[in-house]
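So the chains spell out like this:
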Amino acid sequence: MYPPSRKDFISLTLSDPHSHTYNNGKHRRQSCWRKWKQLSRLQRSLILFLLALLLIFGLLSYPSITEQWRGLSDREDWLALNDRELKATPPGVKPVLDPGTGKVPAPVPGPAVGPDAGAGPVLEPRGPNIPILAKPPNKKKTFLNKRGPPNLQKVVGNVSDIGGREKQEHEVVQDEGEDEDQEKKIVSWRGAMIEADQATEPPPSANEKEAAVPPAPANAADTVPLEVSTGTVDRLEAVRDAFRHAWKGYKDFAWGHDELKPISKSFGEWFGLGLTLIDSLDTMWIMGLKEEFTEARNWVEKELSFNKNVDVNLFETTIRVLGGLLSAYHLTGDQLFLEKAKDLGSRLMPAFKTPSKIPFSDVNIGKGTAHPPRWTSDSTLAEVTSIQLEFRELSRLTQEPQYQEVVNEVMKLVHSLPGKQDGLVPMFINTNSGQFTHKGVFTLGARADSYYEYLLKQWIQGGKTEDNLLEDYLQAVEGVKKHLVRQTGPRRLTFVGELSHNRFNPKMDHLVCFLPGTLALGVHNGLPGDHMELATQLMETCYHMYTQMETGLSPEIVHFNLQASDGRDVVVKPADRHNLLRPETVESLFYMYRFTKDTKYRDWGWEILQSFNKYTKVSGGGYTSINNVCDPVNPGPRDKMESFFLGETLKYLYLLFSDDMELLSLEKYVFNTEAHPLPIWPPPPK
Ligand code: DMJ
């Protein structure tokens, strides 16, 4: 036997931690001290010197370390500041109008902040005293990021969660990564869902591409305050100026495209049909802007073609484009507009080829095919019942009955369907079954609004002979009074809320502000006088939705305070603070003034115009939607001018201030829901 040449084992010595720890420490301290003693004097001095040096160095660098930490927390504060409610923002200062004289005193300075003191707010994405740091991409998922109709995801149970039409309407801000693909595809909501490769316009030219690059944030010089003089302000001229300014932006940066993006000086495409241009035709005609009108007319003649492989939303295309062309035809007598209207009308007809005859939301005007939105076979109530004025008029002009037939069919069906509650109608209808869906939810806001408006207006258009329409309208007004009208606690403001499975929600979309005008129009046409009382009260409330905001502009959605207290009547949730330059309030002011001649309605409209000029006007041309009506310092431009700002908002303001009651007399014309006047039909020959 040979001893092993190497050990095949390891020897481990396990110490008892309890009995030895303390002693080991003592031994270690003792051996350190012994080692220190063994060092030479020189070695010891060297070590001490080095330690002292380290200490001094550490003390000197302390402030810069703490500074770094302080900087970090500032940034975090800033990020939080941008996300939370800015409750303490200073109120905006608005010129106060003398109601008696209609004069405007010398301009009142804007918020005294930074270099812009006295010049109104800056259309800049950040407040002047806030460090400019890039905000990390917003990773918060909202329903907007999901495919499928935003409203359907929460609609059952609480109508406040629906979020109003705009929530679906504004351009969808997508998350990065997984949603990038979706971002590329979705241009906008409302059934349009244009895919990038479906875009009907040629790709932007080199110049356009350049224009599409967002410029540096706007600064003080970018805001153009309304020019006011100490003398009598010509309000009509002020509206015309506003229109010219909006048009300049459109002409310079978005000509022939759907919408202007005034901050980035570029354009947005929805259907690729020159939406803003067509929506503006009759406004220019009414305002006497001949040069601008002629240029636009030439574009319609030479460039506008509906022979395009593009999915358009039936409702939006009908009210904006078909309505715009028909009214341009009536005002000018120019056959070009009628020819274009006929072409478009016939291309929209495939939308009605459904099992129920309730039209699909989307139609491809080039291919002649139609379909519902990707996520449902439902159509929206307002969308299928607010195309009637236009289609009926097209039949009258062309003497081709099919247009009128298809839309009358829809009204007939809706008239007799079960699921209504005292004339109030659910917001969705299925294109296969022809039945209402999502029953029990009632609103006069997004998705239902213009159903009620068109009941009355069709009745007026047709010479007040169609009894079903009148019956449905009168019943609906009673339903509104019974279920939806309430008053606020503090000022007893009357408003129209929503109903969800018998639960009342004190939420009101700005869209509902069409109602005072419609009610007044009904009374003017012989309907019950108490409708006018409701109209007057609601008008006041809509005005308060502007005045109670720091910018003097209404948010998209408000919630009313039902508690008896001296607090605010109007509560605005952070997600609802945007303003899209919508027309409904000034539309109603126009009707209220026409029928009562009470000059307060003009003064209210004038205040609203001034607020638009102060907070949404962009130098270089155009007006922009804003994010936050509660923040006059940083209203947050959205970089989008909706076509209805020119088609409706400015038109109604102009008509409100015009003394010429024969200008679009309400005895002769009925306005479609996009403010395009169509003639009231003469009685048939006896
Ligand atoms: C317009 O397109 C029409 O007035 C429609 O009836 C509602 N939405 C916008 C304006 O807010």
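Residues numbered from 1 in each chain as written. Predicted model: local features only at pLDDT ≥ 70, side-chain atom pairs only at ≥ 80, totals over all residues. Heavy atoms only, no water.

(A) Representation of the UniProt feature "binding site: Ca(2+)" (unreviewed entry) in the chain in the model. Within this structure's numbering, the places UniProt gives as "binding site: Ca(2+)" (unreviewed entry) are Thr-673. Among the structural elements, Thr-673 can be located in the loop between β17 (669-671) and β18 (677-679). Not counting chain neighbours up to four residues away, the residues in contact with Thr-673 comprise Phe-315, Ile-319, Ser-450, Glu-453, Tyr-454 and Glu-648. A polar atom in the side chain of Thr-673 sits 2.9 Å from the side chain of Glu-453. (UniProt positions renumbered as here; feature names shortened; annotations may be inferred. Helix = DSSP H or I, 4+ residues; strand = E, 2+ residues; numbered from the N terminus. Contact = heavy atoms within 4.5 Å. Polar contact = N/O pair within 3.5 Å; in protein donor to acceptor, adjacent residues only side chain to side chain.)

(B) Focus on unusual backbone geometry. Phi at Gln-399 takes a positive value of approximately 60 degrees, unusual for a residue other than glycine. For Gln-399, a relative accessible area of 65% puts it in the exposed group. A positive phi angle, near 65 degrees, is found at Asp-639, a position not held by glycine. Structurally, Asp-639 is set in the loop between α19 (599-615) and α20 (643-657). (Buried < 20%, exposed > 50% of the residue type's maximum accessible area, 1.4 Å probe, protein only.)

(C) Up close: the state of the cysteines. Within the structure shown, the criterion is met by one disulfide. The partner cysteine of Cys-513 in its disulfide is Cys-542, sulfur to sulfur 2.1 Å. When the S-S torsion is -100 degrees, as for the bridge of Cys-513 with Cys-542, the disulfide is left-handed. With a gap of 29 residues between them, Cys-513 in the loop between β14 (507-509) and α16 (515-524) and Cys-542 in helix α17 (residues 530-547) connect regions that are remote in the sequence. Comparing Cys-513 with Cys-542, the two get one shared label, buried. (Disulfide = S-S within 2.5 Å.)

(D) Layout of helix α14 (residues 449-461). Across its 13 residues, α14 extends 19 Å between first and last C-alpha, which sits within 8% of the 18 Å expected from 1.5 Å per residue. Most of α14 is tucked away, with 13 of its 13 residues classed as buried. Two residues or fewer after α14 comes Gly-463, characterised by a positive phi angle close to 80 degrees. (Expected span 1.5 Å × (residues − 1).)

(E) Just the site of the ligand, in detail. By nearness alone, twelve residues border the ligand, and Arg-582, Glu-584, Glu-648, Thr-673 and Glu-674 come closest of all. Residue Glu-648 places a side-chain N or O atom 2.8 Å away from an oxygen atom belonging to the ligand. Counting only elements with at least two residues in the shell around the ligand, the list comes to α9 (314-332) and α20. Looking at side-chain class alone, the shell around the ligand contains four nonpolar, one polar and seven charged residues. (Near = heavy atom within 4 Å. Nonpolar A, V, L, I, M, F, W, Y, C, P; charged D, E, K, R; others polar.)

(F) Layout of a nonpolar patch on the surface. On the surface, Ile-47, Leu-48, Leu-51 and Leu-54 cluster together into a nonpolar patch covering about 390 Å² of accessible area. Position of Ile-47 among the secondary structure elements: in helix α2 (residues 41-83). The exposure class of Ile-47 is partly exposed, given its relative accessible area of 37%. (Patch = residues over 30% accessible without salt bridge, like charges linked within 9 Å, V, L, I, M, F, W, Y side chains within 5 Å. Areas by Shrake-Rupley, 256 points an atom, 1.4 Å probe, with all protein chains shown as cover. Salt bridge = Lys/Arg side-chain N within 4 Å of Asp/Glu carboxyl O.)

(G) Just the pattern of salt bridges, in detail. Considering all chains together, one arrives at 30 salt bridges under this definition. Residue Asp-241 pairs with Arg-244 through a salt bridge whose shortest N-O separation is 2.9 Å. One end of the pair is Asp-241 and the other is Arg-244, both in helix α6 (residues 235-253) and three residues apart, which spans about a single turn. You can call Arg-244 partly exposed: its relative accessible area is 33%. Asp-530 is the salt-bridge partner of Lys-481, the closest N and O atoms lying 2.3 Å from each other. With Lys-481 in helix α15 (residues 467-484) and Asp-530 in helix α17, the pair connects residues that are 49 residues apart, well separated along the chain.

(H) How the structure looks around the sheet that holds strand β8 (residues 436-437). A sheet is described by the order of its strands in space; here three strands give the open sequence β6-β7-β8, paired in antiparallel fashion. Of all the strands in the sheet, just β6 (378-380) and β8 have a single pairing partner and so form its edges. Relative to β8, strand β7 (residues 428-430) runs antiparallel, the two sharing two bridges. When the sheet's bridge partners are listed, Phe-428 is paired in β8 with Thr-437. (Pairing = 2+ DSSP bridges.)

(I) Spotlight on the sheet that holds strand β3 (residues 311-313). If you walk across this open sheet you meet the three strands as β3-β4-β5, and the pairing is antiparallel. Two strands bound the open sheet, and with one partner strand each, they are β3 and β5 (369-371). Here the average twist between neighbouring strands, direction ignored, is 30 degrees. Across three bridges, the pairing between β3 and strand β4 (residues 362-364) is antiparallel. Bridge pairing links Asp-311 to Asn-364 in β4. (Axes fitted to C-alpha atoms, helices over the stretch in contact; angles between N-to-C directions.)

(J) Spatial organisation of the side chain of His-544. Inspection of the secondary structure puts His-544 in helix α17. In contact with His-544, other than residues within four places in its own chain, are Arg-491 and Leu-493.

(K) Fine view of the packing of α9 against helix α12 (residues 388-398). It is at 9 Å that the axes of α9 and α12 come closest, and there the two elements cross at 40 degrees. Between α9 and α12, the angle falls in the class oblique. Judged by the twist between their axes, the crossing of α9 over α12 is left-handed. Contact residues: α9 offers Leu-314, Thr-318, Ile-319, Leu-322, Gly-323, Leu-326, Tyr-329 and His-330, while α12 offers Glu-390, Phe-391, Glu-393, Leu-394, Arg-396 and Leu-397. Here the residues of the contact of α9 with α12 are counted per class, giving eight nonpolar, three polar and three charged. (Parallel < 35°, antiparallel > 145°, perpendicular 65-115°, else oblique. Left-handed = near helix turned anticlockwise from the far one by under 90°.)

(L) Broad picture of the side chain of Thr-283. Along the chain, Thr-283 turns up in helix α7 (residues 275-287). Of the residues examined, Thr-283 reaches a relative accessible area of 1% and is grouped as buried. There is a polar contact of 2.9 Å between the side chain of Thr-283 and the backbone oxygen of Leu-646. Sequence-distant contacts of Thr-283, that is, excluding residues within four places in its chain, are made with Phe-243, Leu-646, Gly-647 and Lys-651.

(M) Quick look at the pairing of strand β15 (residues 557-560). Alternating positions in β15 separate into two faces, Ile-557 and His-559 on one and Val-558 and Phe-560 on the other, with burial throughout. With three bridges connecting them, β14 and β15 associate as antiparallel partners. In the strand pairing of β15, Met-508 is matched with Val-558. Bridge count between β15 and strand β16 (residues 570-571): two bridges; the pairing is antiparallel. Its bridge partner being in β16, Phe-560 is matched across the sheet by Val-570.

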